[in-house]
Amino acid sequence: MKLNPEKLLWLLVLLPAIPFIVHPFLQSSTFRETAAVETENLGWLQQTQLDFAPAANPRYQEECGSCHFAFQPGLLPERSWQKIMSDLENHFGDSAELGAELQQTILEYLVAHSADKSDYLRSQHLNASIESADSPIRITDTLYFKRKHHGIPDQLVKANLATGSFSNCNNCHRHAAQGYYNEQDVLIPSTNLTASTMQ
C-alpha cells in the first residue's frame, strides 16, 4: 500500500496532539476530581501525561502532607532532601521533628525518588537547572521553577488569599497531587485566569 505524503504529514502533525484532545473526555474520577494519589487507577494515557512521579508513600503523605502539600520527591535533588530532613526542628520557621526511625524512613523515600534519580522528564529538567554546588531547600528557588512561573505576576499569587504563596502548588495546579502540572490544567483561584490566558 502506497502512503500519500500529504496524509502522512497530517498524521505526524496531529499525533502529538492526541493526548490533549482526548484528555477532557477521560472519565477517571481519581484523576479528575480527587486529591488522593492512586496511580494504579490511572489509565495508560493518563500515566503518559504525568509530569512528576506522584508522592505515593503513605508515611510521607501522612506526616508531611498533614501540614502542607506533599511535594513530589522529584521536585528536588537528593542533596536538597538531605539538607531539609537534617534540620526538621527548624523547618521553615516551624518544628517538624520526627522520631529517628520515621525520619530515616521518609528520608530514604525522598532520596530514592529525588529529581536526580527520576526518569520523569520534568524532574530531569528541574535537576539540570540546579548548579551542582547548590542545594536549594525551596522548589521556588530553582531556575526551572522561575522559568516556568516568570509570566505570573506576584500579586496574582502572593497577594491572593486563595493561594497565598507559589509553594502551594495544588491551589493552582488542580491535579498536582497526581503529578500532573501541565500548563493547560492551571487555574488561579479567585481570578479564573489560566496559564494560557496570561501568555
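Presented here is an overview of the structure given in this document. (Residues numbered from 1 in each chain as written. Predicted model: local features only at pLDDT ≥ 70, side-chain atom pairs only at ≥ 80, totals over all residues. Heavy atoms only, no water.)

### Some points on the pattern of salt bridges
Here the idea is simple: oppositely charged side chains can pair when their charged atoms come close.
Stage number 1. Counted by the stated rule, this structure contains 6 salt bridges.
Stage number 2. The closest approach of N and O atoms between Arg122 and Asp51, which form a salt bridge, is 3.1 Å. Linking Arg122 in helix H8 (residues 121–128) with Asp51 in the loop between helix H4 (44–48) and helix H5 (58–63), this pair joins segments that are 71 residues apart in sequence. When sorted by exposure, Arg122 lands in the same class as Asp51, which is buried.
Stage number 3. One continuous salt-bridge network, built from bridges that share partners, spans Asp51, Arg122, Lys148 and Glu183. (Salt bridge = Lys/Arg side-chain N within 4 Å of Asp/Glu carboxyl O. Helix = DSSP H or I, 4+ residues; strand = E, 2+ residues; numbered from the N terminus. Buried < 20%, exposed > 50% of the residue type's maximum accessible area, 1.4 Å probe, protein only.)

### So, the nonpolar core
The nonpolar side chains of a soluble globular protein tend to be buried with one another.
Stage number 1. Grouped together as the largest cluster of nonpolar side chains are 36 residues, with contacts concentrated most on Tyr60 and Phe71.
Stage number 2. Those elements giving two or more residues to this core turn out to be helix H6 (78–85), helix H7 (100–112), helix H9 (143–149), helix H10 (154–157) and helix H11 (169–172).
Stage number 3. For this core, the element with the most residues is H7, which contributes 6 residues.
Stage number 4. Setting aside residues up to four positions removed in sequence, Tyr60 forms contacts with Ala55, Gly65, Ala70, Phe71, Trp81, Ile106, Tyr109 and Leu110. (Core = buried A, V, L, I, M, F, W, Y, C linked by side-chain atoms within 4.5 Å. Contact = heavy atoms within 4.5 Å.)

### Notes on a nonpolar patch on the surface
Stage number 1. Taken together, Leu8, Leu11, Leu12 and Leu15 make up a surface patch of nonpolar side chains, about 380 Å² in accessible area.
Stage number 2. Mapped onto the secondary structure, Leu11 falls in helix H1 (residues 5–14). (Patch = residues over 30% accessible without salt bridge, like charges linked within 9 Å, V, L, I, M, F, W, Y side chains within 5 Å. Areas by Shrake-Rupley, 256 points an atom, 1.4 Å probe, with all protein chains shown as cover.)

### Here's the deal with the packing of H6 against H7
Stage number 1. Contact geometry for H6 and H7: axes closest at 9 Å, N-to-C directions at 160°. In terms of their interaxial angle, H6 and H7 are classed as roughly antiparallel. With respect to the hand of their crossing, H6 and H7 are arranged in right-handed fashion. Residues Glu78, Trp81, Gln82 and Met85 of H6 form the contact with H7, whose participating residues are Gln103, Ile106, Leu107, Leu110 and Val111. (Axes fitted to C-alpha atoms, helices over the stretch in contact; angles between N-to-C directions. Parallel < 35°, antiparallel > 145°, perpendicular 65-115°, else oblique. Left-handed = near helix turned anticlockwise from the far one by under 90°.)

### Quick word on the side chain of Thr163
Stage number 1. As for its placement among the helices and strands, Thr163 is situated in the loop between H10 and H11.
Stage number 2. The exposure class assigned to Thr163 is buried, which follows from its relative accessible area of 4%.
Stage number 3. For Thr163, the residues in contact, after removing those within four places along its chain, are Leu156, Val157, Asn168, Asn171, Cys172 and Pro189.

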